[in-house]
Structure formats: C-alpha cells, structure tokens
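# Reading the structure
The lines below spell out each chain.
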Amino acid sequence: MTERKPEITSNNELKKTALYDLHVELGGRLVPFAGYELPIQYDGVIAEHRAAREAAGLFDVSHMRIVDVSSMDSSDVGETLELIAPGGLITLGHNRLRYSMLTNDTGGIVDDVIFTRMANRFRLVLNASRAEIDLKYLNALLGDQLIFRPRQDLALISIQGPKAISVLQQHDPAVADLSFMEAGLINFGETECDISRSGYTGEDGFEIAIPNDEAEQIVRLLLLDETLKPAGLGARDTLRLEAGLCLYGNELSESTTPVEANLSWTIPKRRRQDQRFPGAHTICSQLEKGTDKTRVGVTALGKRPIRDGAQLFNENNQIVGLITSGGYSPTTGKPIAMGYIDTPYAKEDNYLTAVVRGKQIGCTVAPLPFVQHRYKRSK
Amino acid sequence: MQTPEELRYSKDHEWVRHEGAYVRVGITDFAQDALGDVVYVDLPQVGTIIASDLAFAEVESTKSVSDIFAPLAGEIVEVNQVLEDEPELVNEDPYGDGWVCVIKPTDIGHLELLMDAERYLAFVSQDPEA
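Since the structure is predicted, the reported quantities are computational estimates derived from the model, not experimental observations.

### Describing the overall build of chain A
On a plain count of helices and strands, chain A comes out with 9 helices and 21 strands. For chain A, the C-alpha radius of gyration of 21 Å lies close to 21 Å, the compact-globule estimate for 379 residues. Structurally, chain A occupies a C-alpha span of about 65 × 50 × 45 Å along its principal axes. Counting over 379 residues, chain A shows a buried share of 58%.

### Some details on the confidence of the model for chain B
The predicted model of chain B averages 94 in pLDDT, with 97% of residues at 70 or higher. Two numbers describe this predicted complex: its pTM, 0.93, and its ipTM, 0.84.

### A few points about the pairing of strand E3 (residues 22–27) of chain B
Residue and element names in this part refer to chain B. Across the 6 residues that make up E3, a large majority, 5, are buried. Where strand E2 (residues 14–19) lies against E3, 6 bridges are found, and the strand directions are antiparallel. Along E3, the bridge assignment pairs Arg17 with Arg24.

### Comments concerning unusual backbone geometry
Residues and elements named next belong to chain A. In this structure, the amide linkage connecting Leu368 to the following residue, Pro369, adopts the cis form with an omega of -5°. Positive phi is not limited to glycine here, since Asp349 has a value of about 75°. Positionally, Asp349 belongs in the loop between strand E19 (334–342) and strand E20 (351–356). A relative accessible area of 57% means that Asp349 is categorised as exposed.

### Digging into the interface of chain A and chain B
Each side of the interface is counted separately: chain A has 20 residues, and chain B has 27 residues. Summed over both sides, the interface of chain A with chain B buries roughly 2100 Å², with 46% coming from carbon and sulfur. Inspection of the chain A/chain B interface yields 7 salt bridges. Between B:Asp33 and A:Arg29 there is a salt bridge whose closest N-O contact spans 3.1 Å. At the boundary of chain A and chain B, one finds 10 residue pairs in polar contact (both at pLDDT 80 or more). Among the elements of the structure, strand E1 (2–3), strand E4 (36–41) and helix H2 (45–54) of chain A are those that each provide at least two residues to the side of chain A that touches chain B. In the side of chain A that touches chain B, the residues fall into 7 nonpolar, 3 polar and 10 charged.

### Details of the confidence of the model for chain A
Per-residue confidence for chain A averages 95 on the pLDDT scale, and 97% of its residues sit at or above 70. Taken together, the stretch residues 5–9 of chain A has pLDDT below 50 and engages in 11 contacts with residues farther than four places along the chain or on a different chain.

### Observations regarding the environment of A:Leu178
All names here are of chain A. With respect to the secondary-structure elements, Leu178 resides in the loop between helix H5 (164–169) and strand E12 (183–188). Residue classification places Leu178 among the buried positions, given a relative accessible area of 11%. On a C-alpha basis, the gap between Leu178 and Gly143 in space is 33 Å, while along the polypeptide they are 35 residues apart. Excluding anything up to four places from it in sequence, Leu178 contacts Ala183, Gly184, Ile195, Arg197 and Phe206.

Calculation criteria
- The numbers attached to residues start from 1 for each chain and follow its sequence in the written order.
- Here the convention is simple: chains get letters from A, ligands get numbers from 1, in the order in which they are written.
- Per-residue local features are limited, in this predicted model, to residues with pLDDT of at least 70; the limit for side-chain atom pairs, both in listing and counting, is 80 or more; totals at the level of whole chains, interfaces and linings are taken over all residues.
- Water and hydrogen atoms were dropped before computing side-chain values, which therefore reflect all heavy atoms in the structure.
- Helix numbers and strand numbers start at the N terminus; a helix is a DSSP run of H or I with at least 4 residues, a strand a run of E with at least 2.
- In this description the radius of gyration comes from C-alpha coordinates, and the expected globular size is given by 2.2 Å times residues to the power 0.38.
- Only protein chains enter the accessibility calculation, which uses a 1.4 Å probe; a residue is then buried when its area is under 20% of its type maximum, exposed when over 50%, and partly exposed in between.
- Each residue carries a pLDDT score, the predictor's own confidence in it, on a scale running from 0 to 100.
- In this scheme, strands are said to pair when DSSP sees at least two bridges between them.
- Only heavy atoms enter the contact rule, under which two residues are in contact if any of them lie within 4.5 Å.
- By buried area we mean the combined loss of accessible area, with a 1.4 Å probe, across both parts when two parts are placed together.
- Basic side-chain nitrogens of Lys or Arg form a salt bridge, by our definition, when they fall within 4 Å of a carboxyl oxygen of Asp or Glu.
- Side-chain atoms alone can form a polar contact between residues adjacent in sequence; in general such a contact is a pair of N or O atoms within 3.5 Å, and within protein one must be able to donate a hydrogen while the other accepts it.
- Here the nonpolar group is Ala, Val, Leu, Ile, Met, Phe, Trp, Tyr, Cys and Pro; Asp, Glu, Lys and Arg are the charged ones; every other residue, Gly included, is treated as polar.

Dropping the structure here:
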C-alpha cells in the first residue's frame, strides 16, 4: 500500500504558527502547507467535519496573511483599493467585511481576498500561497498611496458551526450582536481581540485575530468547552467544497476571471459602470456576453470520488470540462466535485463522463452549494 | 497499533492470513491509520491474475488515493463486496471485517518471504512516516 499522490508538497523551511505546540499536544498530524507546518487532522477528517456541521470546530488559519492598509494622506483607503479590485469598497461600511478579487490586466484573479473596513484603515486577509505575490502587486500599483503592513504578530483562528456562538458567548456576550460579515471586538479577560462573524465552511462562525504570544492560552481556554473540537486542513477542505466555495490554485487562477468562476456577484453595478479596475474590459465584456466556460458543481453517480485533474467528456467523447476540486462529502455521503465546463454543457442535471485514472465515471452537473449555507445575516 | 502474531506482512503494508490453499489479504492497522478515513475501495474482479508487488486495487481516503499491491502472485478468488457500501470497515476492523480479498497463490511457499509480526513492527518503526 503506497500513497500515490501526495496532495501537499513538502518544503524544507517550514514555519510554525503560534499554536504549533498545542497542535502537537492535541495529536494533530502535521503536514507542510503553504510554507507552514499545520495539522491535516487530529482524530479524523470525517469526525472533525461533522463537529463543524453539528457543533463547533476550531481551525488554526494563521497561515493566512493579515495585512493592514492605511492611506498616506486623508484619502479613503477603500477608494484607492478599488483601483485593483472590482468589489464595492468605497461603499463598504465601518466594521463590515466584503469578499472581492484582486484582478490583473487580463481579468484574471490574482487572489480572492476578504476586505474589512476598520477605523482609519482596511484589513485584508490574503491566501497564504498568494501573499508574497499580492504584496508585490499591491505595492507596485498602489505603493505610492497606501502603506501595507503585514501583521505577522497576529494568529488567526476560525470557530465554525452552529455552536460557535455559544462557545464564544460565555467569554463575551456581545458577540451575539454581530451579523454575518460584520467585525467587532471580543474580550478574553484583559485581552481584546478583533473578531468577525465569517468563515469558509458555509456555517455560522467567527474568525478571531489574537496576538501570537497569547494565542495558545486563549485557545486552551476556548477548548475547555467540549462542544468545540480542534479540526484540521482536511475538514476545512471538505467543508468549503460542500459549501461550493472556491480555493485559490484549484478553482481560481491568474487565467480565470471572476465571471468564469461564477463570482460575478462580487462585482456591483457601480463597478461594472466605472470600469476602473484591472481587466475591466475583459470582465465587463464577459458580464455582457457570457463566457466560454463556467464553474459548476458535479456529483458522481456511484461511490468513487472524482478528484481534481479529472477530465469531463460529452456523449461524443469530446473533452468539455475539467474537475478542479473533488472528494467525498461527509454530509451527503456522496462524492462531490467542482470544475469548469464548456458553457453549453453547464445545464443542471446534464450527464457527463469523468475519467479517473483510466476509469469512466458517470456524473451530472449539480447546483451549488451542495450543503446550504447557514450564515446569520442581519435582518 | 496492532500487528497480530499469526499474520504475515508486506513492505507495502498489506497483511496476509494463511487459510489452507488460500490467503486472505487486507491493509494493516498502521496503513489504515496513515491513510485516514477510507471513503472508497476499488476492488479487483474475481478471477483476475495478479503478479506480486504490482498494484491490483486502490483505497481512497479523504486525503489521498493509494494503491494496494499484491503480496503474493496468484488469482483473486473472492473480494469483500461489503467494502463497496462500508469502506470505513478498513479503518474500524482492518484485520477482520475490513479484509480486501482472498488470493489463491501460485506458490503458497512464498508466504515465507513475507515478514512476520516482529519484523514488520521493526520495519514500521523505521518508517519515517511512523
């Protein structure tokens, strides 16, 4: 028995997050991931996945890069950031979060980013694998107007699931006042931390930035509540796939546009009209005329999972698509996947054949998400 | 980690149980633990002729796909159909209900070429993944 395809490449100089010792103590199985040593699982991916769907899961996402952005003068940071992102950032309210793309001149996605408007600054959370590229890009285009300050002094944890609120309310009842994509503060004794009601699992949940030297102590305190289970990268991936959410490097790349990725909803009408962002010409033309390919969900008939890299064929044996993420869905008990498919074949229930290691698997185009989101939106 | 005394073991982490003219084959406790939650087992067809050390089945976990190699050359005479619906048995009971197949070896004497429990334990303890 030999593992055929390691999904995570090794790296010689791995960094440790502030929670490294705790991961080891909790029996985490550590793997190299985006330059960090992080747990892929503790007890098991399926058990941790269920904890997040049914109770609460705790994820260390400190590998993601927090960057605070301020202006060199009195101009609005959001207005300047709109020059590199097609999202609505001028209109973003204080303490609100927004998901948007950084785009390049051809309309491709440089990164998918969470923007938060805080007092006198914006906070960006960048993908670990893209952070260096993003910072170079941001500095090259906006470095004469904005100051980018990476916050490697902060650990970032994510608490996801229907019981996340009760886990945190014991420490600070005010967190209940936050709605989905809203930021605030949470107090753990003397320590005040930035918190937002957000996450990447489709569940209600929170993300908390904690000073590195206090992170372990606060996480230990949170874990005293046994409804909260530590969860690893494995469960994080199966949860986001069920929620139909994109992963940079799988669904998103510099040659994929937000329109192809089915992320047009991140581009408000005002931005489609002003067209003052990189790649606006391509993106706006696609918004009007459509795209040749589009991101869809795929469900396999049978039990065998379809993994990323599998090609999709039509009834004439022509290649019409490519799977970008796939695996077993613990919530539905079935294999699920996402991928890009030629637009004429993207209709729901359309039957296709995937080829997985030389074997043909029947599958159909499925609506996303596979598991309904349960965010606590403001009324 | 369990390594029953009566079994033989391959360097690819399969176990082999001698049953008269046949051998029953599965993956070891060490292997199932390293794999993580098993979600799919691709079983061979009964009647397939297999050569030793070549892949003849696949086991897929939430994390990865791995090959199962033939510990002995021979013919597949039975496969564990239950794994099609309950692949998690590979994790829950690797030496029992989680067995993979029964092989009629070309030469049952080749069993002696496989490791006994003691040697397998020593082998695993040198494995960097252990």
